[in-house]
Structure formats: structure tokens, C-alpha cells
Amino acid sequence: MNKKLYIISNRLPVNIETVNGQVQVNVSSGGLISAVSSYLNYAGEKGSTGFDENIWIGTPCCSQAEWVQAKEGLVKSDFTYLPVFVNARLYNLYYNGFSNSVLWPLFHYFPSYAEYKIDYYESYSAANANFLDVVIRNAREGDTIWIHDYHLFPLAAMIREHLPSVTIGFFLHIPFPSYELFRLMPTQWQQGLLEGVLGTDLIGFHTIDYATHFLNCLQMVMGLGSENNIVTYKNRLVRVDVFPISIDFQKYHAAFSFKEVASLRSFYKQEFRDKKILFSVDRLDYTKGVFSRLKAYEWFLNLFPAYREKVVFIMVIVPSRDTIPKYAERKKEIDEFIGNINSRIGTITWKPVVYQYNQLSFEQLIALYTGCDLALITPLRDGMNLVAKEFVASRQDHKGVLLLSELTGAARELTDALLINPNDLDGLARKIKEGLEMSEAEQSRRLVRMQNRLIQYDVNTWAEDFFTQLANIKKRQTEFEFMFLGQDAKRLLYQDYHLASKRLLLLDYNGTLVPFSPLADQSEPGEEVLSLLANLSADQRNCIYLLSGRNSATLDNWFGLLRLNLVAGHGAKVKRHNEEWLVDRYIHQDDKWRELVMPVLDLSVKRCANTYIEEKEFSLVWHFSNAEPQQAKIRAGELYSELLQLTRNRNLQVVQGSYTVEVRNKGIGSGVLTRTLMSEKAYDFIMAFGDDSTDEEMFKELAGTPHAWTIKIGNEASYAKYNLYTPQMTLSLLNYLHTPV
Ligand code: GDG
């Protein structure tokens, strides 16, 4: 079947507008478009992306009539365009509203700029549904969909409803903020964004910080944990990973020697011949730190007046989102500030800041990257910042200094730049001086190291890495699904069960037959469980052991009347049907250990709110299911190590459960119990059910035993051969087995 790759971003990589009655098509710029186009171009030259067709879905930001006229001119060998038309009013609320007046400021740590208007969020969802329409009219199950950026958080879950097994990746180009920022949005929005993106198979971020913040938000907002960066949501595995976006290194490196670039470079150098050139280029955006950069530059000229008339700062601002008030205000402030510096510090023959509010051509951009002495890149927050990487790549001459804000994603990789905190104006001014005075040998050493990093992980590696991880997680999902007891396995199990005449059934109780509950009184068996156990135990071919962490009195109370064998306190006491309770011979009746352990658990309760201690017949348990998850996790780790130390050389066991840390008498254990029972009788069918780590010994013991069926409840990896999702599924399986042939 023809396999297609769909790339989806808010905007198509073209700008279509009517000028003097003529429809014009221009390539649009921006980090996302540079990166993805570069990759598609490279893949096209190499042969292919591995897909039969590449299709880019996005809004063309023009009318349908303009699109029809422009379409002819949009022939691209690397991909085809598929437009999404969103009506102007809706687009305004979705793009300028929710995307750029809520998510953009909040995710860049400008919470005071966020405007939480209800119709913003509603329009955001509605516009995403417009994208969905185009996707479902075109994509099929075997295709791969790569969604880009914060405009499209809800889209994946919407697609998943229509195409349940299609492959979907998502990449976020901006930072993902800490939970403290994320939680400022109304809860329903927080959930909507997270649930939306969890419709994917792989979620990519630029840095480990962003990925960690995201996982933390999943935990705090949705109570979803992760294991090795894999989240299980709605019975699917979703991987969260880090892919630092990059550039086409060779393109920027080679451009240094282009004829037009060389001649423009000579022109600029000649124009400012006796001066050092500082250069910056940004979209107009308050996150880019333009204002504080200008202030620091002014401070530099005041601190080190000898540099006056010896430097010039070429500052280029590319118009962007200037219909949003916050952006328009910034523009005005910048214009005024530059006018101010130039009039106060400048002279008739020297303008400290040379300013352009317009886009540069590619050649002009490279000529300035390669002609300047210092690139000043000082965003207050930036997901990655490709300008920094392009500057480094373009310096074929190994000259020039990169002064880079440590609050950019790029600073994580470009550690040989002069790194600065953009809010530290004095520090920034001094770093400008340090950069201008750096020896050529040092400049070269630093640039070579940074270039090596960019060669190692360029934009093509970035995209290929993403696709490889996407394929890997898809494969893992299939393996994961196979573990679940499917219809075929169920039929075999049924046959095995009915052919057998001596069956051993080992049934864990809490979390296996009833939903897990840390509290004894909340896990009392209901009518359904009791009648099932009664039915199963009435069959003389069945020998049933019910395994529990509860004490013997509770088990007697609940199950005393049934023909069952009971195991209490995780194996501390065993009662065979019609016999007395026997304390395991390894257990010491001496309870002195409790005095030793209790104060340590008490301290954990004090140090972690909403936790408590449960005293059981053979154990003491610290419960933390109601505590703040992150803090509790740390405290549980500390407590576990402390208890291990404390109980060394004693006949005690320290066990970490999902929301518990427990110290218990070393009982017989489910593994030894299983071995003992198997040695007593020749069973021709064994079935073991369990849900937590203590049941693993039993599963391990049974691995490889003929006619043994081991089933883990839950979706974690296990020694058990199969998994079932919930206790309810255990009950329905047991009921099914019990029905006559
Ligand atoms: C977002 C994230 C992340 C800029 N001015 C001109 C021009 N450009 C090109 C640059 C570069 C791109 O635009 C800008 O990329 P950035 O990465 O710096 O910034 P954003 O557009 O904000 O991008 C950012 C990026 O997505 C990728 O994930 O790095 O953090 O905010 O390629 O060269 N190009 C030309 N003339 C200009 O005047 N020709």
C-alpha cells in the first residue's frame, strides 16, 4: 500500500498575497519551516523520506480564490501542499488569541501577558477540528502523521478517534513550561491540551527540561506516571523524548563562499571599516530580549567609553504578529529606544545602532553572520534558537564570537559560546567587551568545537532520529499488545482448564480480584467475587489458594465459609481448608522490631503531609497515595534506603509498593509457597493471578512449567506470560472458565 507522510503545521511554508491585482507566492521563513523544509529537501535529493509521498498540511493564509490561482505556481518536488481553510474570525481567535495570547506568553514565562478568554479556547478547538477534516479526508491507517507545534495540541487525539492505529508524532518547537506556569490556565484547558497530545505515539521536545516539565504536568494534572519516559494512556504506550532541532549545516557553511555573499560581506565591512560589528536578527517578539539587549549595549558604551565610535550594532527585526497589541507596543518601544541611544550617545559621524525593521535576503543574512565580529543572541526564553546555530555553521573562517543567552535551548548544546543571563545587564555589557577582545585563536577553538556538534546532529539527523524513535515505539506497542490475553489465548486456556482433573489456582486478592485499595475495610469482597469463589471452589477438581497481605482475622471473616485455602500477611500465615492457621516457621514471634521501625515511619509522616502508617499483624506500612506525588516519591526513596540499613541482618523484608513502603516479617513468600504446593501434588493445570511485585516470585517459579498459566493484572512488564488490564477482567475470565463446555 502507498504510505504517505503528512506534515502538519499551522502555516504552509508559503505566503500568498495579492499585490496590485497579482497573486504572489513567497516562501515563508521561521524556525519550523526552515528545519522541516531542509529535511524534506535533503530526503528528496537522497531518494526519499522512506514514504511514497510527502504532503504538507497547513493554512495558506489566503482566500480559496487566491489559492486556486496560486496553486499552479506551487510545484515542489519534495512535497505537495494540502491547504486548510479556517474562516478569518475563527483564525484570529485561534491564532492571535489562544495560540499567541495564551500559550505563547505562558510557555515563554510571560504569564502576565496571557489573556484567558473563553472564546479563545473554544476557537482553538474549533480550528483544530478544521485541520482534522482535511486529515481524515486524506490520511489512511498505514500513513504517518507528524504534527508540529503549540497551535495543534488537540489534533492528535481527534485524529486517533477516526484512525485508531495510525502513526502520529508531535514536536513542540517552543519551551514546555514548569507546572507552576502551566497550572495558571483553567484546569479544563490544561487537561484538553495534555489529552490531545497523548493521542500521539511520540512527543518530542528540544531539551530534557521541557520533556521533564511535560511529564511532571502529566503527573500533576492527570495523575499519569511514566516509566523510562513512556506513558501508558488509554492502553497505549506514548513515548516522550528529546530531539534538539538543528540546521542544514552544509548549506550555511558553504554559503560563506557564495559570490553574492562575499561581495555583500566586503561591502558591509567597508561601510564600517574602522569598527567592530555586533549583529542580531530576530522576529519581533518580546521573548527575544531585544529591549534588554539594547539596554545592555547602552550600558556597555557607558561602562567602556573607549569603545564609542569603535563599534556599531546592526540590529535587524523581522516583522511578526504585529496585529497583536503586545507586539505592536514592543515595536514602538524599540523604535523609540534606538532613536534615543543614537541621539544621546551617537555623533554626526557615528550611529551606535543601525536598525532595519524588515526581512533580509538569505545572502544578506549570511553576509552579516560572516561579516560581524560578535553575534548577540539574547532571548529571555527561546525553545531552541536556530539563528545561533546558523551563525556558528556559517563561520567557515573560524572567526567571530557567539554571545548566547543561557535561557535558549541552543545553550544546552553550544556550551562554547559566551553564555549569559539576558537579565544581567551589567554581566551582558562586560561579556560584550570580553567577546570583542577574545583572541582569534580562542574564537577558532570555540567555533570548531561548536561546529563539530552541529555536524554531528544536523537537521537531517534530527528528523531521522525522530522517525526512528517513532518506529521503535510503534514496535513496542505491538509487543505490549501481544502480552495481553487475547481471544485465541483465552480459547486455549479454556481447553486446558476443562481437560484438567487436578487444578491449582493461585489467586492474589487485592488489586487482582478487587480494585487495589491500601485500606482493608475498602477492599471487602462484594457479592460477585464471593459467588465466583464459591462456584470455583465447589468444583472438586480445583484447589484454590487465596493470597493476601491482609491479616488472618480479616480473611477468616470474609472467606471463612468457603472451601478455600488462605494465605495471610503475604505468606506469614497459611490456613488450609478445614485446618488451623499456621504461622510460617521462619517468622519470629518477637515484635521488638516494631519499636525500631515505628519512629522512622513516624518521621516520614511528619515530613510528608497526607501520609499515614498502617499497623498490620506482620508488618508496618507507610502509605503515601494521597500525598503530593513528587515529594512523596523522594521521601519514599529516602525511607526505603534507611529501612534497608536499619533492618539489615534481621528476618525482615522491606518492600516498595505503588504507594507504600512496607516492613514485614519474612514470610514464606509466593515463590516458595508455589514450589511447596507443586511438590505436594501432581497438578495437570496451574493458574496464577497477581498484580504487584510480591507476585513476581510466583510467576518466576511457574515460568516454563507445563500447563501453567500466569496472568498479571495491570500493564507493567512482568514474569507472567499474559496481562489483563483490570480486576474486572480477572472476574470475567474466571467466570468464562467456569462455564461448562
Ligand atoms: C521557533 C522557536 C525554535 C530570521 N530572520 C530572517 C530569517 N530568519 C530565519 C532564521 C532562522 C529562522 O528564521 C528563525 O528561527 P529561530 O529558531 O531563531 O526562531 P523562531 O522563528 O521563533 O522559531 C525557536 C524554532 O521554532 C525551531 O524549532 O528554534 O525557539 O521559537 O532559520 O534564519 N531568514 C531570512 N531573513 C531574515 O531576515 N532569510
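Scroll up a little and you will see the structure.
For the structure given in this document, a descriptive report is provided here.

Criteria and cut-off values
- Residues numbered from 1 in each chain as written.
- Predicted model: local features only at pLDDT ≥ 70, side-chain atom pairs only at ≥ 80, totals over all residues.
- Heavy atoms only, no water.
- Axes fitted to C-alpha atoms, helices over the stretch in contact; angles between N-to-C directions.
- Helix = DSSP H or I, 4+ residues; strand = E, 2+ residues; numbered from the N terminus.
- Parallel < 35°, antiparallel > 145°, perpendicular 65-115°, else oblique.
- Left-handed = near helix turned anticlockwise from the far one by under 90°.
- Contact = heavy atoms within 4.5 Å.
- Nonpolar A, V, L, I, M, F, W, Y, C, P; charged D, E, K, R; others polar.
- Pairing = 2+ DSSP bridges.
- Near = heavy atom within 4 Å.
- Polar contact = N/O pair within 3.5 Å; in protein donor to acceptor, adjacent residues only side chain to side chain.
- Areas by Shrake-Rupley, 256 points an atom, 1.4 Å probe, with all protein chains shown as cover.

Running from amino to carboxyl end, helix α10 (residues 259-271) crosses helix α13 (residues 362-371) at an angle of 55°, the nearest separation of the two axes being 8 Å. With respect to α13, the element α10 is oriented oblique. With respect to the hand of their crossing, α10 and α13 are arranged in right-handed fashion. Residues Glu260, Val261, Leu264, Arg265, Tyr268 and Lys269 of α10 form the contact with α13, whose own contacting residues are Glu363, Gln364, Ile366, Ala367, Leu368, Thr370 and Gly371. A breakdown of the residues in the contact of α10 with α13 according to their chemical character gives six nonpolar, three polar and four charged.

Strands sit in the order β21-β20-β19-β18-β17-β26-β27-β28 across an open sheet of eight strands; the sheet is mixed. Two strands lie at the open edges of the sheet, namely β21 (581-583) and β28 (722-724), each paired on one side alone. Across the sheet, the mean angle from the axis of one strand to that of its neighbour is 20°, orientation sign disregarded. As paired elements, strand β17 (residues 503-508) and strand β18 (residues 542-547) share six bridges and run parallel to each other. Each residue of the ladder has a partner; that of Leu504, found in β18, is Cys543. Running over the sheet, helix α18 (residues 487-499) touches β17, β18, β26 (685-690), β27 (708-713) and β28 and is turned about 130° from β27.

Another point: the site of the ligand. Taken together, 24 residues sit near the ligand, with His173, Leu360, Asp382, Leu386 and Glu390 positioned nearest. Within the side chain of Ser34, one N or O atom sits 3.0 Å away from an oxygen atom of the ligand. A distance of 3.2 Å separates an oxygen atom of the ligand from a polar atom in the side chain of Lys288. Burial of the ligand by the protein amounts to 93% of the accessible area it has alone, namely 730 Å². If you list the elements that add at least two residues to the shell around the ligand, you get α1 (31-46), β11 (276-283), α13 and α14 (386-394). Among the residues making up the shell around the ligand, the classes are represented as 12 nonpolar, eight polar and four charged.

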